[in-house]
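Residue-level listing of the chains:
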2 protein chains.
Amino acid sequence: MSTVICMKKDYLYREISANMARLIREGVLQPGDKLPSVRDICTEHGVSMNTAKRVFLELERDALVEAKPQSGYYVNRLPFRKLQIPETSHPSPLNSHSRPSHLIAKVYGDMGNQGLTLFSIGAPAKELLPVAKLNKAILQATRDLPGSGTGYEPLAGNERLRRAIAKRSFHWGGYLTENDIISTAGGMNAIAFCLMATTRRGDTLAVESPIYPGILQLAVSLGLKVLELPTHPQTGVHPTNLEKVIHQIHCCLLVTNFNTPLGSCMPDEHKRAIVKLITRHRIPLIEDDIYGDLYFGNNRPLCCKAYDNKGWVLWCSSASKTLAPGYRVGWVAPGRFREKVLQLKHMHAISSTAITQEAIAAFMDSGRYDQHLRQMRQTLHSNYLQYMHTIASHFPAGTQTSQPQGGLSLWVAFDKHLSAAELYEHALRQKISIAPGRMFTLQPQFNHCMRLSLGMAWTKQLEQRLQLLGKIAAGMM
Amino acid sequence: MSTVICMKKDYLYREISANMARLIREGVLQPGDKLPSVRDICTEHGVSMNTAKRVFLELERDALVEAKPQSGYYVNRLPFRKLQIPETSHPSPLNSHSRPSHLIAKVYGDMGNQGLTLFSIGAPAKELLPVAKLNKAILQATRDLPGSGTGYEPLAGNERLRRAIAKRSFHWGGYLTENDIISTAGGMNAIAFCLMATTRRGDTLAVESPIYPGILQLAVSLGLKVLELPTHPQTGVHPTNLEKVIHQIHCCLLVTNFNTPLGSCMPDEHKRAIVKLITRHRIPLIEDDIYGDLYFGNNRPLCCKAYDNKGWVLWCSSASKTLAPGYRVGWVAPGRFREKVLQLKHMHAISSTAITQEAIAAFMDSGRYDQHLRQMRQTLHSNYLQYMHTIASHFPAGTQTSQPQGGLSLWVAFDKHLSAAELYEHALRQKISIAPGRMFTLQPQFNHCMRLSLGMAWTKQLEQRLQLLGKIAAGMM
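Just so it is clear, the model here is predicted, and its values are computed rather than measured.

Caption draft 1: A look at the overall build of chain A. Tallying secondary structure elements over chain A gives 15 helices and 17 strands in all. Computed over the C-alpha atoms, the radius of gyration of chain A is 23 Å, within 12% of the 23 Å expected from 2.2 N^0.38 for a compact globule of 477 residues. Counting only C-alpha atoms and orienting by the principal axes, one finds that chain A spans roughly 70 × 60 × 45 Å. Taken over 477 residues, chain A has a buried fraction of 62%.

Caption draft 2: Structural detail: the interface of chain A and chain B. Tallying the contact residues gives 44 residues for chain A and 44 residues for chain B. Ranking the residues of chain A by area buried against chain B places Thr150, Met347 and His348 of chain A at the top, with a combined share of 19%. Summed over the shared surface of chain A and chain B, the result is zero salt bridges. For the pair chain A and chain B, the number of links is 14 residue pairs in polar contact (both at pLDDT 80 or more). Elements that contribute at least two residues to the side of chain A that touches chain B include exactly helix H5 (131-144), helix H7 (187-198), helix H8 (213-221), helix H11 (338-349) and helix H12 (354-365) of chain A. Broken down by element, the side of chain A that touches chain B gets its largest block of residues, six residues, from H5 of chain A. Class assignment of the residues belonging to the side of chain A that touches chain B gives a composition of 22 nonpolar, 18 polar and four charged.

Caption draft 3: Quick look at the sheet that holds strand E14 (residues 409-413) of chain A. Residue and element names in this part refer to chain A. An order of E13-E14-E17-E16 is seen for the four strands of this open sheet, with the pairing classed as antiparallel. Looking at strand neighbours, the two that pair on one side only are strand E13 (400-401) and strand E16 (435-436), the edges of this open sheet. In this sheet, E14 lies alongside E13 in antiparallel orientation, the contact comprising two bridges. Paired with Thr401 across the strands is Val412, a residue of E14. Packed onto the sheet, helix H13 (residues 368-394) meets E13, E14 and strand E17 (449-453) and runs at close to 20° relative to E14.

Caption draft 4: The arrangement of the pattern of salt bridges in detail. Residue and element names in this part refer to chain A. By the definition in use, this model includes 26 salt bridges over all chains. With a shortest N-O distance of 3.0 Å, Arg160 and Asp365 are connected by a salt bridge. Here Arg160 is found in helix H6 (residues 159-168), whereas its partner Asp365 is found in helix H12, with 205 residues between them in sequence. On the basis of relative accessibility, which here comes to 26%, the residue Arg160 falls in the partly exposed class.

Caption draft 5: Just the sheet that holds strand E4 (residues 182-184) of chain A, in detail. Residues and elements named next belong to chain A. Sheet architecture is open: seven strands sit in the order E4-E12-E11-E10-E9-E5-E6, paired in mixed fashion. Edge strands, defined here as strands with exactly one partner in the open sheet, are E4 and strand E6 (225-228). This sheet shows a mean twist of 25° between the axes of neighbouring strands, independent of strand direction. Bridging between strand E10 (residues 285-288) and strand E11 (residues 313-318) involves four bridges; their strand directions are parallel.

Caption draft 6: Looking closely at helix H3 (residues 49-61) of chain B. Residue and element names in this part refer to chain B. Between the first and last C-alpha of H3 there are 18 Å, a value that for 13 residues agrees with the 18 Å anticipated at 1.5 Å per step. All buried positions along H3 are accounted for by Thr51, Ala52, Val55, Phe56, Glu58 and Leu59. Down the axis of H3, the buried set is contained in an arc of 155°. They therefore lie on one face. For H3, the exposed residues set more than 90 degrees away from the buried face come down to Asn50 and Leu57. Once H3 ends, the next one or two residues include Ala63, with phi positive near 60°.

Caption draft 7: Local environment of the packing of aromatic side chains. On inspection of all chains with the given rule, the structure shows 22 aromatic pairs over all chains. Relative to Tyr387 of chain A, the ring of Phe119 of chain A lies with its centre 6.2 Å away and its plane at 85°, an arrangement referred to as edge-to-face. Note that Phe119 of chain A is positioned in the loop between strand E3 (117-118) and H5 and Tyr387 of chain A in helix H13, a separation of 268 residues in sequence. Between the aromatic rings of Phe56 of chain B and Tyr73 of chain B, the centroid separation amounts to 4.4 Å while the plane-to-plane angle is 10°, which identifies the pairing as stacked. With a gap of 17 residues between them, Phe56 of chain B in helix H3 and Tyr73 of chain B in strand E2 (residues 72-75) connect regions that are remote in the sequence.

Caption draft 8: Local environment of the relation of the copies chain A and chain B. Once chain A is rotated about the relating axis by 180° and shifted along it by 0.1 Å, it coincides with chain B to within an RMSD of 0.1 Å. Interpreted geometrically, this transformation is the action of a two-fold axis. Nearest to the rotation axis, the C-alpha of Leu139 of chain A is located 3.3 Å from it, this being the minimum over chain A. Of the residues that chain A buries at the interface, 100% are likewise interface residues in chain B, meaning the two copies contact each other through the same surface.

Caption draft 9: Quick peek at unusual backbone geometry. Between Ser209 of chain A and the following residue, Pro210 of chain A, the backbone shows a cis peptide bond with an omega angle of 0°. Considering the arrangement of structural elements, one finds Pro210 of chain A in the loop between strand E5 (204-207) and H8. Positive phi values are uncommon outside glycine, yet Lys431 of chain A reaches one of about 65°. Summarising the element assignment, Lys431 of chain A is placed in the loop between helix H14 (420-429) and strand E15 (432-433). Despite not being glycine, Arg328 of chain B has its phi angle at roughly 55°, a positive value. The topology assignment puts Arg328 of chain B in the loop between strand E9 (313-318) and strand E10 (330-333).

Caption draft 10: Spatial organisation of the confidence of the model for chain A. All names here are of chain A. Here chain A shows a mean pLDDT of 92. Residues at 70 or above account for 97%. Segment residues 1-7: pLDDT under 50, and zero contacts once partners within four positions in sequence are set aside and those in other chains are kept. Overall fold confidence (pTM) sits at 0.87, and the ipTM for the predicted complex is 0.86.

Quick notes on the rules
- Sequence order sets the numbering: in each chain, residues are counted from 1 along the sequence as written.
- Just so you know, chain letters begin at A and ligand numbers begin at 1, following the order they were written in.
- Only residues with pLDDT of at least 70 get local features here, since the model is predicted, and only at 80 or more are side-chain atom pairs given and counted; chain-wide, interface and lining totals rely on the full set of residues.
- As a rule here, side-chain values come from all non-hydrogen atoms in the structure, and water together with hydrogens is ignored.
- Runs of E in the DSSP output that reach at least two residues are strands. Runs of H or I that reach at least four are helices, and both are numbered from the N terminus.
- Put simply, the radius of gyration uses C-alpha atoms, and a globule should come to 2.2 Å times the residue count raised to 0.38.
- In this scheme, a residue with accessible area under 20% of its type's maximum is buried, one over 50% is exposed, and one in between is partly exposed, where area comes from a 1.4 Å probe on protein chains only.
- Whether two residues are in contact is decided by their heavy atoms, any of which lying within 4.5 Å being enough.
- Values labelled buried area give the accessible surface lost by two parts on being combined, using a 1.4 Å probe and summing over both.
- Counted as salt bridges are all cases of a side-chain nitrogen of Lys or Arg within 4 Å of a carboxyl oxygen of Asp or Glu.
- Residues adjacent in sequence count toward polar contacts only when both atoms are side-chain atoms; beyond that, a polar contact is any pair of N or O atoms within 3.5 Å, and within protein one must be able to donate a hydrogen and the other to accept it.
- In this classification, Asp, Glu, Lys and Arg are treated as charged, Ala, Val, Leu, Ile, Met, Phe, Trp, Tyr, Cys and Pro as nonpolar, and every other residue, Gly included, as polar.
- If DSSP finds at least two bridges between two strands, the strands pair.
- All axes are obtained by fitting lines to C-alpha atoms, using only the stretch in contact for helices, and the reported angles, taken between N-to-C directions, cover 0 to 180 degrees.
- Take the residue count of a helix, subtract one, and multiply by 1.5 Å to get its expected span.
- Directions drawn from the helix axis to the C-beta atoms are what define this arc.
- Here a pair means two rings of Phe, Tyr or Trp (six-membered ring of Trp) with centres within 6.5 Å. Their orientation is stacked below 30 degrees between planes, edge-to-face above 60, and tilted elsewhere.
- Here the copies were fitted onto each other by least squares, based on C-alpha atoms from residues at pLDDT of at least 70 in both.
- Confidence of the predictor at the level of single residues is given by pLDDT, which spans 0 to 100.

So, in structure tokens, the structure goes:
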């Protein structure tokens, strides 16, 4: 009984703070506005002093409000409001694939060095993961699985995992069943199978620009031509830009929700239009949705797969960005390419690791996953706001940033004359690692950009490292 | 102290029984010969009555000797000595790839049915695996690994695992270091990376015939032409047969030790000659050594990799045939193709599952792996002898079998007029599943052959099922 009461209180203070946060974000409450007092909140919402205080602590943690002694809480002046969003990218229509292999090898190679602050990393730090609870799930998996998970499992993957994913697909309009889903050894493994199932050497693949380098490397290694599409930092690829090239391409790959490095999220109407377009032209769309659960706002964004009636969307995701990269648990709902993907999985992998899949399934089945996601989203959102504050105050004037509403990364564009590859070298000497923008394209662009990871625990030390990075950049101007 | 004494006794009775087994196998002791008495063994070897009795129990379990009441032990008459070995296969020089897809889909599809006796399966049953000890290793892995294995690990894979594999490579002449090794998600994943690293579409790959169907499917899906080589059931591919086609091929894949389905093992001099040949012609050799640790005799066979000075051999193996198929832990020492394989792993998988690798590493590091292997080898050898007895007594006259000296499978050739695909259907009605020979080739051959799995626990019931299978086959003649 006490748990229920506690849960309810929990829910109440979150609800109130979320509503106030929305009013601040939407500009109803303006920077400098005084907020209702703690006592006002108690009276208006019929909650205890403790609950009301937690509302403000929450808002303060997210850097949305500030307390003034003897006076009360005020809407924060949000200096980052001044930061501009970079413009839509303008990659060449088709390019000769100038691969940034050397730069990528260097950045990944250096990452192993001890004592670096890894702003360059693309995965959540372990402080953000529910490690102890996952350990319990692993132990339980060895007890629950037939043969303790030592034997091969069915080709499509752990059934409990596939059912849990199917259930969760209701949140984004998927309405999948476990039979729609095939598990893989992580998200990139799912994408690799999808590319192999839908393309042949010499085909052209359309993607966002900038985009995760691993996808570019994979596409090139499979003999594909890559067509990078103009991409807006907030809304991603516009349907009209895909339509213009639809006759040149054989496949399309989009990270529709909070992609890396931009953090862009396609509006629902764009998703719907794109699915209509690719369906009409019978072009497969590989949708990478690994960040979809990491929204900062109130609602999980939908997926293109939600609008897919004819099976042309291959929806991929994984547990690597929300639970445990090291477990290598990913999956795909490949629509009409199901048989092909199953065959590829059989040939390249035989089956998936039973224990880690079962552990993820058990975790998802329990309420712990939602609880964890709520916490992780708050941390990431709070990190994002802290990054924005620090960048606005300590980075060179004119620095632009994407303004992601979810995900793990922030895209920073400096003055055109600043070389992020040079900044990389300078920062590395100070034990700071960044991901230069040139890594995220096969064309000579984004040389003045970089990606920063939001997936670390925000500490005084991290703040100082970020300030130092800004100072190094300013020194180069 | 008592453990040491126990270990020593353990070793002694095994040594004596192994020596006697050798004398029987080599024909020094002939069928029907009377063996020394238990008392003789005590005197000659200075051991206790108990130890001497265990010597005979061991030999009896392996069906090498039989006890006659009031008289003593005699060399078994080994009825299977009458079973002939099939002749060397004669695949066409180059073929049009007639794929047995339908048959393979049917056999794999049916495997999921309840209550089948799976003579068709290619993996060890859980009764043969050290499940409880592996569970402990998994638990320990969550304690030992940084972040409990939730984070990405280095691209090459778990260092402890790679070191354990390197150490064990001394047994087969490998003398590898951990830097030579890259971990993968199982053995087929290693082979897939090797094929992608060494070939391009349209290239020709030379393989044994018959061979594991997954390799054929993978090669065809990568656009390779497959050249099946004449293969002897005992000694595999002869160097001269590879030499004849060396100018037609771009890559070669051999399962050098106790391959499936034949169980053939290449003699050392053949291995040496083949490495010399492929090195001279700069042809990569993918060596699949997944069964190498499962020898029935006294010594582990060497690998081609042991003769490889120039890095043209890509040595692959896994823990799937000896410890836990469901863990998906495999590896490769890719020689001069290391960078390419690393790149492929990065693009297709990012990294491997940390927990299962660590658990396998810990198990290998302890003495438990050798102890387990010893036990598993004895079980498989004993199974092999039991299968041979049963086949000799209950299968149609003229049935031929391979005589593997290790591994998990037995190859059975019936009279040319018997269709193993039809036998499959008849047997399935009796809840018995076999693997018809046609699965193991892209050519119209082996229609009268089948593969039987040795990897199950031998019980009265299994014996009856095997007898029934023989009866069904006899009924079809």
